[in-house]
Amino acid sequence: MTSVELDFDTVGHAVATPAEEQPYAELGLQADEYQRIRQILGRRPTQSELAMYSIMWSEHCSYKSSKVHLKQFVEKKPASDRMLAGIGENAGVIAITDQIAVTFKVESHNHPSYVEPYQGAATGVGGIVRDILAMGARPVAVMDPLRFGAADHPDTARVLPGVVAGVGGYGNCLGLPNIGGEVVFDPSYQGNPLVNALCVGVLPADRLQRKEADGPGNIVVLMGAKTGRDGIGGVSVLASATFDEGSEQRRPSVQVGDPFTEKLLIESCLELYNSDLIVGVQDLGGAGLTCALTETSASAGTGMDIQLEKVPLREPSMTPHEVLASESQERMLLIVEPAKLNAVLGIAQLWGVLATPIGVVTAPDAGESAGRLRITWHGETVVDVPPGSLVDDGPVYARPLKEPNDLPLLQADRAETLPKPTTGDDLRATVLRMVASPNLCDKSWVTEQYDRYVLGNTVLAQPEDAGLIRLDENSGLGIAISLDGNSRYARLDPYAGAQLALAEAYRNVAVTGADPVAVTNCLNFGSPEDPAVMWQFAEAVRGLADGCLELGIPVTGGNVSFYNQTGAAAIHPTPIVGVLGVHQDVTQRVPMGFSQAGDLVYVLGETRNELSGSEWAWVEHEHLGGTPPQVDLAGERRLGDAIAQAAERGLIRTAHDLSDGGLAQALAESCLRKGFGATIELPAEWSAGSQPFVFLFSESTGRALVAVPPGHEMAFTALCEERQIPLTRLGTVADEGAELTVSGQFALPLDELREAWSATLPKLFGSTIASNVVQED
Amino acid sequence: MKIGVVTFPGSLDDGDAARAARYAGAEAVRLWHADPDLHGVDAVVLPGGFSYGDYLRCGAIARFAPVMETITKAANDGLPVLGICNGFQILCEAHLLPGALTRNQHLHFRNRDQRIQIENTQTAWTRDFTGSQEIVIPVKNGEGCYVGSPELLDQLEADGQIVARYVGENPNGSMRDIAAVRNEAGNVVGIMPHPEHAIDLLTGPSTDGLGFFTSVLKAYAAASVPAPYQPGVVPPAEDAPEEVEA
């Protein structure tokens, strides 16, 4: 019945040629997965259908290896009356007040950013922004946790500048302030850098958008950029496979971004939401049109008739399976009632955005419970599938788990036994080397490439502990967000490592005076087919789920990125945890930098001899071993509560979280932020031999450095004692431009400290100082 | 007083500019690129951003927007116009200001708190500053490097058309450290750093940016005094710089 001259595969042709060999393995499908597709369809899939199943059943889209573990985030979810939408949606939504809600999520774009750093990172930002937009929110800020190989490796000089320029180029062009993130170097990321991106958006609580393609007869509209050949196979070929030689040939699988179109798309969508013109909306990201069509129809139980040739193409020669698999950026799918179609097209036209009706929503066939997705190409049927089979019936694997063989030996090799500085001079030199080390040094080279001011609501941004955004100019209501992860800790103990990331993000949010309420995460791991990696993953998820339960803050969504390895070498397990907090009045924010001479300096929390996995052990001894610092989530909760109370009562002027690099790093950062010195006395029990060093460089958790205005010390001490928080008076803030002095040990002029701290990245990646003014002719 | 803030496709700091106008005590009126009507505004701000995606050249397409035709005519008739960042680029492309803005010398986008010195207070937008006053406002741009021929730059210096210069580190390589320039009449000013991001200490490094907006309010008040219904009132001395409270 089908003409044999057609240069594309049709359902009719598939029925007629059941034995035709199909390239399922090249598309990343296993033999049994392919058989299962044949079983679902009762015939061989067409080329388009095979492409659709291969991407929807890929690790990236189907979470087939992680699903069995991720359900703990739901099973162990603490009670929260703030959660309006959770896992399974494009992004979790949290009620801030009865009227205002916030949605936030972090995602990975790791492999594309290695293959093509600028575009990979840029489209990573673009993708997460559309997720937030699809929930009905106006995006208001972005953040970016980044991981690179060794700072001085030649390939890092290729990857890092491109990634940073891409994150900035896209986010700056969208007018979204970049309020925080991380830049971490470790050789384990040499062949596999991590580019995670977070976006947060704000919406009226009653304007939450749905993705369901409800209402047979409603029109399916594709809005935004034209569809091209970029990004085909992004999720299956690129994101769901281990890197090997020849990976650079996968460059065509990387999408190319156009932030200008995305900006117009954002404004058009917000106008559509405000005017209540659409039934459903879904962003097109990984898996492109395939994912959007199947998810919107499957979630509503409806079907669709799509005329695929109506999709506006950048490349007229594209075939139907390419159109379905393309990951061209800046596109959204809308479900629109016929009576409102003209209004929708009018708003798109106002902003100069393409909007094209490409089909209709259909009811289930008689006797069926769910509809079918039927796609034609110039009149020929190329797809006829139950959409739920692509979305929900993908394979689920309980993959084998095995603790890495080297773990007991690694844990036995403790950093606490390494040689330590014992004199003041040694300690001084150690402080200077540590603040100059790539992970602890000034990151302005990176963060100055991001716009932090746009929108005019940024109250705190990097290098502060958390980003803090004002939501309401009248009440001062705001939100704080921090993203953290320490992969060395996770390598030594993934369960504890995930909880330590959670604890740090929680603490970072709390020290600004905000109340932590919700969690998102991006879980970056090696190949799930390696039982040792899978064990790390399972432990990290268990740790995070248990930790969230104990802290009483739910996981609202997140992302899993597997196959982060080149050849047999996996990255360190890298769970990145984001915590969102509510700040009742951002004018009462607590910044990190000392700002008033004479303020009393305290450290809150208990310091122990904990150096394993520390930045010091790595920088000074290239050592990774032992067990990470002890987790005390109850202590974190008390600490957060104490700081929030103290901030509200005006008892503290500044607060800074203690983490990588310990007290020494926190002191250096609090001094350098506004240029005030500090005079520190070591407590008697930490004053002899190597004890001063341990006190300054231990990475014990649950600690913060605070400055208390004179006169408030009694009230502040009482507040901490009530909560059983150990409190140690360290000294006082010194004058502007003075020194950081540790009595009996060393004195460091701030200029010398700043020089060491700020020279590292410009030396590695080139100066951004316009030393040569443009020459006049 | 009504200050109009233009939104082009890709404008990003339009909301911030409107907020700054409000903080200074003006009514902010949003203007749309495709609408040539200025809706009775008494001054116009062309905000920062990436109008039309910076395609072709920054500001090159925006200058042809319908609203720009009206603004260009009105500016030539004395309407106060402030172009910030992308707005500065648009004013240069529209030949309302001399010179051109090119890619930063170091090729990176750069956002930092920048010291600049106000050199000329004989403009509608800087009369609230004192001569040679140093202020700190954010700079954030990828193509903020001001260039012109030596003859042009000499002439700008001789005529007092350089409104502000970078102090300390030059963030983008601009010739002669130029951060802001004005037209001959002083009603049109282009500035690369962002005064609208320095209007309160909660969200900005200083409140120094407000001076640009209070200046235009004072220029407006001064110009409004000899209105027909108030005959006999003598206009104040021309461009007497006002002291700014510390």
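Here, every reference points to the structure presented above.
Anyway, here's the lowdown on the structure attached to this text.

Parameters and conventions
- Residues numbered from 1 in each chain as written.
- Chains lettered and ligands numbered in written order.
- Predicted model: local features only at pLDDT ≥ 70, side-chain atom pairs only at ≥ 80, totals over all residues.
- Heavy atoms only, no water.
- 1 Å grid on protein atoms, 1.4 Å probe; cavity = no way out; pocket = protein on both sides within 12 Å on 5 of 7 lines; lining within 4 Å.
- Points joined across faces, edges and corners; volume = space filled by probe spheres on them.
- Helix = DSSP H or I, 4+ residues; strand = E, 2+ residues; numbered from the N terminus.
- Nonpolar A, V, L, I, M, F, W, Y, C, P; charged D, E, K, R; others polar.
- Contact = heavy atoms within 4.5 Å.
- Buried area = accessible area lost by both parts, 1.4 Å probe.
- Salt bridge = Lys/Arg side-chain N within 4 Å of Asp/Glu carboxyl O.
- Buried < 20%, exposed > 50% of the residue type's maximum accessible area, 1.4 Å probe, protein only.
- Pairing = 2+ DSSP bridges.
- Axes fitted to C-alpha atoms, helices over the stretch in contact; angles between N-to-C directions.
- Core = buried A, V, L, I, M, F, W, Y, C linked by side-chain atoms within 4.5 Å.

1. Structural notes on empty space enclosed by the protein
Residues and elements named next belong to chain A. Overall, the coordinates contain six cavities of 30 Å³ or more when judged by the stated rule. If you trace the largest cavity, you find 13 residues lining it, with Val-184, Asn-439, Asn-486, Arg-488 and Glu-615 closest to the centre. Mapped onto the lining of the largest cavity, the elements with two or more residues apiece are strand E5 (178-185) and helix H19 (487-492). Here the lining of the largest cavity takes three residues from E5, the largest share from any one element. For the lining of the largest cavity, a count of residues per class yields three nonpolar, four polar and six charged. Its volume calculated, the second largest cavity comes out at about 80 Å³. Surrounding the second largest cavity, Tyr-489, Leu-500, Glu-504, Arg-507, Leu-658, Ser-659, Asp-660, Glu-699, Ser-700 and Thr-701 form its lining. Considering each element in turn, the lining of the second largest cavity owes the most residues, three residues, to helix H20 (residues 494-510). Broken down by class, the residue content of the lining of the second largest cavity amounts to three nonpolar, three polar and four charged.

2. Let's talk about the interface of chain B and chain A
In this assembly, 44 residues from chain B lie in contact with 38 residues from chain A. Here chain B and chain A share an interface that buries about 3,400 Å² over both sides, 57% of which is from carbon and sulfur atoms. The salt bridge partner of B:Lys140 is A:Asp451, with a shortest N-O separation of 2.6 Å. Listed by contribution, the elements that provide at least two residues to the side of chain B that touches chain A are helix H1 (14-24), strand E6 (110-118), strand E7 (134-141), strand E8 (145-147) and helix H4 (150-158) of chain B. Its residues placed into classes, the side of chain B that touches chain A shows 18 nonpolar, 14 polar and twelve charged.

3. A short note on the pairing of strand E22 (residues 600-604) of chain A
All names here are of chain A. Counted residue by residue, E22 has five buried out of five residues, so it is predominantly covered. With five bridges connecting them, E22 and strand E25 (residues 704-708) associate as antiparallel partners. In the strand pairing of E25, Val-603 is matched with Leu-705. Relative to strand E26 (residues 727-736), E22 is paired through five bridges, and the arrangement is antiparallel. By the bridge assignment, Tyr-602 is partnered in E26 with Arg-729.

4. A word on the sheet that holds E7(B)
Within a beta sheet, neighbouring strands are joined by backbone hydrogen bonds and run either parallel or antiparallel to one another. Residues and elements named next belong to chain B. Read across the open sheet, the nine strands follow the order E2-E1-E3-E4-E11-E10-E9-E6-E7; overall the sheet is mixed. Every interior strand has two partners, whereas the edge strands, strand E2 (27-32) and E7, have only one. For this sheet, the mean inter-axis angle between neighbouring strands, taken without regard to orientation, is 25°. Here E6 pairs with strand E9 (residues 162-166) via three bridges, running antiparallel. Across the sheet, Ile-116 pairs through a bridge with Tyr-166, a residue of E9. On top of the sheet, helix H2 (residues 66-76) reaches strand E1 (2-7), E2, strand E3 (43-46), strand E4 (81-84) and strand E11 (188-191); it is set at about 130° to E3, its chief contact.

5. Section: the nonpolar core
In this structure, B:Phe8 and B:Leu46 are the most contacted members of the largest nonpolar core, which totals 139 residues. The residues contacting B:Leu46, other than those within four sequence positions of it, are B:Val6, B:Phe8, B:Met68, B:Ile71, B:Val81, B:Leu82, B:Gly83, B:Ile84, B:Gly87, B:Ile90 and B:Leu91. One finds A:Val431, A:Val601, A:Phe695 and A:Val733 within the second-largest nonpolar core, a separate group that totals 44 residues.

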